[in-house]
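Spelled out from the first residue to the last, the chains are:
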Amino acid sequence: MPVPPSLIRLRSAAFWGLSILVALASWRFLLLGVELSMPFVAYHAQVRPLEFYAHIGLAPVALALMPFQVWTGLRQHRPQLHRWIGRIYGLAILLAGLGGLQMAFGTTAGPVAGLGFGLLAIAWLGSTGRGIWLAWQGRIAEHRAWMIRSAALTFAAVTLRLYLPLLFVSLGETAGYSLVAWACWLPNLAVAEWVLRRNRSLLSAA
Ligand code: HEM
């Protein structure tokens, strides 16, 4: 059954709006400082300041740019701009992903959360790196498929913040946080695979 256009518009507005909103909210530390704006992770700033600030400063750059990269109109009409935004997106993920990986190893949230975030960081770095390498090789269908996976993982920043209050209320803080470290990205990746399989032309050479 075809999806009604009003639902497509609503979905697209939510995707853009939530990505930009979470990115902007993540930079709250610039105004308020980390101790005040994100006290629950402020310890990272003492132990691994470089990795921490690379992550909280640059991961929102990737999140804010991601909707532009999946926007067909921009890719078709301004391909040069798409390439430049792609370079910034890739660099932001390289630095923020390495920072996120270090933070996952050092988190005090427990081994289940640490492993969930650690694997997310590896998948984020891997899918984005592969996608960019494929673009350099001119293998555009495969590039597209891998960047859709990368975008789904970048969107984990949004899904985490949507699920967290519900999981805290239903499971408590410790179990809720352990679960969200997996739930924020595995379903996103499953949706990306489903989208790719439904649109076989996108996947043709992946
Ligand atoms: C997709 C790969 C990502 C990984 C592996 C990752 C990993 C992490 C980890 C391990 C922490 C610390 C959690 C703790 O120790 O309790 C954290 C915090 C944070 N991350 Fe990420 N992250 C990712 C993506 C993003 C994105 C795309 C954003 C963009 C908004 C982002 C923004 C933040 C912020 C602002 C914090 C500080 C805590 C907060 O405000 O929620 N992260 N991240």
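Bear in mind that the values here come from a model prediction, so they are computed numbers and not experimental data.

Caption draft 1: The arrangement of the coordination of the iron atom of the ligand in detail. Within the protein, a single donor atom binds the iron atom of the ligand, namely His55 (NE2) at 2.1 Å. Its place among the elements puts histidine 55 in helix H5 (residues 49-70).

Caption draft 2: Expanded view of the pattern of salt bridges. Tallied over the entire structure, the rule returns 3 salt bridges. For glutamate 142, the salt bridge is made with arginine 139, and the minimal N-O distance between the two is 2.9 Å. Classification of glutamate 142 by relative accessible area gives buried; the value is 10%. Residue glutamate 193 is joined to arginine 197 by a salt bridge in which the shortest nitrogen-to-oxygen separation is 3.0 Å. Placement of the pair is glutamate 193 and arginine 197 together in helix H12 (residues 186-198), with a separation of 4 residues, close to one helical turn. The class for glutamate 193 is partly exposed, based on a relative accessible area of 23%. A single network of salt bridges, built from pairs that share partners, joins Arg149, Glu193 and Arg197.

Caption draft 3: Up close: the nonpolar core. Counting 30 residues, the largest nonpolar core has Leu120 and Trp124 as its most contacted members. For this core, the secondary-structure elements that each account for two or more residues are helix H1 (5-26), H5, helix H7 (79-106), helix H8 (111-136), helix H9 (140-154), helix H10 (156-171) and helix H11 (173-183). Grouped together as the second largest cluster of nonpolar side chains are 9 residues, Phe29, Val41, Ala42 and Ile56 included.

Caption draft 4: Spotlight on the site of the ligand. Around the ligand, the surrounding shell holds 25 residues, and the nearest of these are His44, His55, Thr107, Arg161 and Tyr177. In the model, an oxygen atom of the ligand is placed 3.0 Å from a nitrogen or oxygen of the arginine 28 side chain. Taking histidine 44, its side chain carries an N or O atom lying 2.7 Å from an oxygen atom of the ligand. Those elements giving two or more residues to the shell around the ligand turn out to be helix H4 (43-47), H5, H7, H8, H9 and H10. A total of 5 residues in the shell around the ligand trace back to one element, the largest contributor, which is H5.

Caption draft 5: Structural view of the side chain of serine 37. Relative to the helices and strands, serine 37 is located in helix H3 (residues 34-37). Sequence-distant contacts of serine 37, that is, excluding residues within four places in its chain, are made with Arg28, Phe29 and Leu32.

Basis of the calculations
Residues numbered from 1 in each chain as written. Predicted model: local features only at pLDDT ≥ 70, side-chain atom pairs only at ≥ 80, totals over all residues. Heavy atoms only, no water. Donors = N, O, S within 2.8 Å, 3.2 Å for Na, K, Ca; no water. Helix = DSSP H or I, 4+ residues; strand = E, 2+ residues; numbered from the N terminus. Salt bridge = Lys/Arg side-chain N within 4 Å of Asp/Glu carboxyl O. Buried < 20%, exposed > 50% of the residue type's maximum accessible area, 1.4 Å probe, protein only. Core = buried A, V, L, I, M, F, W, Y, C linked by side-chain atoms within 4.5 Å. Near = heavy atom within 4 Å. Polar contact = N/O pair within 3.5 Å; in protein donor to acceptor, adjacent residues only side chain to side chain. Contact = heavy atoms within 4.5 Å.

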